[in-house]
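The chain contents come next:
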Amino acid sequence: MKFIKLFSLSLFFLFFSRVSAQEFKLGKVSIAELEQKVHPKDSAAAAAILYKKGSARIEYNQNDGFITVTDVETRIKIYNKEGYEWATHEVWYYNNNNLSEKVSFSDVVTYNLVNGKIEKTKIKSEGMFDEVLNKFRGQKKITMPNVKEGSVIEFKYTIRSGARMIREWNFQTSIPVNYSEFVTYIPEYYTFNSQLKGYVSPKVTVERGNKSIILNSKERVSSGGFGGGATRTEFSQDKIDYIETKTIYVGENLPAMKDEAFVNNIDNYTASVQYELAMVKFPNEPMKSYSTDWNSVAKTIYDYDSFGPELNKTDYFEEDLKTVLAGKNTPDEKILAILNHVKSNIKWNKYTGYDCDLGVKKAYKEKTGNIGDINLMLTAMLRYAGLTANPVLVSTRSNGIALFPNRTAFNYVIALVETPGGNVLLDASDKFSVPNVLPFRTLNWFGRLIRKDGSSEEVDLMPKRASNDMVFMNYSIDAEGKVTGKTRRQCTDYNALITRDNVDGVVQEEYLEKLENENNKIEVSEYERKNEKEILLPMIETYSFTGNNLCEVIGGKIYVNPMLFFANKENPFKQEIREYPVDFGFPFTDKYNITIKIPEGFAIETLPTPAVIVMEDNLGTFKFNIVANGGTLQLVVSHQINEPIVSTEKYEMLKEYYKGMVAKETEKIVLKRI
């Protein structure tokens, strides 16, 4: 995994230069923009951002003190109907007791060219929505009016936040961006860490200037004299001078982010800038330090009332756990018993979060909770049982890789137990998860373990043991090319977890219909599933099948792919140059043992030759061997990938490996009449 560290170091390059600002203003849409039929640098683009300008200003408010005001204005060109999705825009905001934000849209207009003249359509109230996302967030949403092929749309929105935080700014997106500008204004009292991410670096200009705050105050004073005299109100003003740092980021002609096969989250590689508050220091006040490195981030999170203290609460489960642990002596027995106890009694409410929402006591009583409730409870129980257990902060795959030290980098927590046999990773939120087989959403490079003293260390989350998918199949072919056979498929570890998740709650008839349709319209019978609930055992499914579309009969000859519907028919790696690591999620081994009975009156004319493809550095191996014995063929195929994440430096080798594998697996046996 060494390349990950190199990637995170080489990802960022800050280039300082003076930027000659280009003029972009809302309402100044040109006929040339409306007449443009395709994007000049990406003819396949369904839409393009012509310009996007944003500013985040920490400014003083007489009533609330320093607040953050973010303004964003955007102009987008719609080229065709596939680009209509860009006519809808959402902006989320915090909406809870601890943090409340306000979002407002303005200048929302669609422009069309009608008979050579520009036609403007302003949004109406029915095109604006305010939606509740969850108990922590809401979102403002607009749907642009009168959008057609060729339209240009514009809008502006403002976010007002009482928190001194600056949102991440993305310079790239899934469509081309002609011009993107982001400006921050930060008073000297605040220190932020900023980090650039992605393969495209914007130009950066830093300026410093003098600013001032006018403080208005009033005071009731007495005119004096015996008895106090008359009182009056006196108004005064104080002026406070400070230094403000202005940072301008400009990106031009940015290509669309193209999603590729086996990319865990395209946002990890999107050009953007992130800000994290590191320190606050006002005159004559003590300094407040926040996130400066991973250790301080971990310590800050551990000290939250909803995190560290929750690990010390045990009275609510002690009596139950005594029963659970009765007769359990080894660490493995205790781990499994406690994991199953939590999974059986506490259901995940689908909210993530590394800290508790309800609190462990209430979650245990109500039998439901968020990820923090469940896995901090799990950690506390493991500690109570005498095991060396600690929480591990995680950023899920959908949340992105935690590359920079900041408190929002993580959104999840799991448990880790140190045993003589090595570390054991646990997550009680998924009923099919077992020790060291976490839900797939958590397999995202590294986590951060926090010990009781607040110290922390990096934890590799990526699996080391291969997950197996083994298929045993035998089938016979008749003279008309009809195939009749039986299949037994056995999955372990992550392949088993994913399979169990896929079939959970699905009506068997629906599952079989999908199985038939995805495999050349075969007919499945005698279907049976084993160990669906016995999650420590391999997941097994068996079935009989017949197929009339699995062979081709041409000129009296039968052409058949020996792997039938299990063959890899297409190379997923088609790009000439791969910009992102290939993320398989976990190492795996696929094995196929197939017996084929050829029809009477036929002989083998052509048989695929054996093949072995081996990648360097033990990255992976493909083996294909087929042997004829009278009227029976025996085929053995294995495909093994030994690393869950493959660096871009190895992409060409991986691409050629898959090319060779697909070519071999799609070779056909040719049978001729005798």
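Residues numbered from 1 in each chain as written. Predicted model: local features only at pLDDT ≥ 70, side-chain atom pairs only at ≥ 80, totals over all residues. Heavy atoms only, no water.

**Q** Give me the lowdown on the sheet that holds strand S32 (residues 602-606), citing residues and values where you can.
**A** The strand order across the open sheet built from four strands is S28-S29-S37-S32, with neighbouring strands paired in antiparallel fashion. Lying at the two open borders of the sheet, with one neighbouring strand each, are strand S28 (551-554) and S32. Each strand of the sheet is rotated relative to its neighbour by a mean of 30 degrees, with strand direction disregarded. Taken together, the four bridges between S32 and strand S37 (residues 669-673) define a ladder with antiparallel strand orientation. Its bridge partner lying in S37, phenylalanine 602 is registered against arginine 673. (Pairing = 2+ DSSP bridges. Helix = DSSP H or I, 4+ residues; strand = E, 2+ residues; numbered from the N terminus. Axes fitted to C-alpha atoms, helices over the stretch in contact; angles between N-to-C directions.)

**Q** For the packing of aromatic side chains, give the residues involved together with the corresponding values.
**A** Counting across every chain of the model gives 44 aromatic pairs. Here the aromatic rings of phenylalanine 440 and phenylalanine 586 are separated by 6.1 Å at their centres, their planes lie at 85 degrees, and the arrangement is edge-to-face. Of this pair, phenylalanine 440 sits in the loop between strand S21 (422-426) and strand S22 (446-450) while phenylalanine 586 sits in the loop between strand S30 (582-583) and strand S31 (588-597); the two residues are 146 residues apart in sequence, bridging distant segments of the chain. Overall, phenylalanine 440 belongs to the partly exposed group, its relative accessible area being 29%. Ring geometry for phenylalanine 566 and tyrosine 592: centres 5.7 Å apart, planes at 45 degrees, overall tilted. Of the two residues, phenylalanine 566 is situated in the loop between strand S29 (557-560) and S30 and tyrosine 592 in strand S31; the sequence distance between them amounts to 26 residues. Classification of phenylalanine 566 by relative accessible area gives buried; the value is 14%. Each member of the aromatic cluster is reached from another via a ring pair, and the members are Phe262, Phe573, Phe584, Phe588, Tyr651, Tyr657 and Tyr658. One Lys or Arg, arginine 529, reaches over the ring of tyrosine 511 and ends 5.1 Å from the middle of that ring. (Phe/Tyr/Trp six-rings, centres within 6.5 Å; stacked < 30°, edge-to-face > 60°. Buried < 20%, exposed > 50% of the residue type's maximum accessible area, 1.4 Å probe, protein only. Lys NZ or Arg CZ within 6 Å of the ring centre and 35° of its normal.)

**Q** Describe in detail the environment of glycine 127, supporting the description with residues and values.
**A** Here glycine 127 shows up in the loop between strand S6 (117-122) and strand S7 (128-132). Given the relative accessible area of 10%, glycine 127 is considered buried. Remark: the alpha-carbon pair of glycine 127 and threonine 143, spanning 16 residues in sequence, is separated by 5.1 Å. With residues up to four places along the chain from it excluded, the contact list for glycine 127 reads Lys141, Ile142 and Thr143. (Contact = heavy atoms within 4.5 Å.)

**Q** Describe in detail helix H7 (residues 371-384), supporting the description with residues and values.
**A** In this model H7 runs 20 Å from its N-terminal to its C-terminal C-alpha over 14 residues, within 8% of the 20 Å that 1.5 Å per residue would give. Burial analysis of H7 places 13 of its 14 residues in the buried class, which makes it a mostly covered element. Just downstream of H7 lies glycine 386, where phi reads positive at about 90 degrees. (Expected span 1.5 Å × (residues − 1).)

**Q** If you had to explain the sheet that holds strand S20 (residues 412-419) to someone new, which residues and values would you point to?
**A** Here five strands make up an open sheet; going across it, the order is S21-S20-S19-S22-S23 and the pairing antiparallel. Two strands bound the open sheet, and with one partner strand each, they are S21 and strand S23 (456-460). Direction aside, neighbouring strands of the sheet carry axes that sit 35 degrees apart on average. Two elements, S22 and S23, share five bridges in a ladder whose sense is antiparallel. From the neighbouring strand, leucine 449 faces S23, where its bridge partner is glutamate 457. In the packing of helix H3 (residues 294-302) onto the sheet, the strands contacted are strand S19 (388-394), S22 and S23, and the crossing angle to S22 comes to about 60 degrees. Along the sheet, H7 makes contact with S19, S20 and S21, crossing S20 at roughly 15 degrees.

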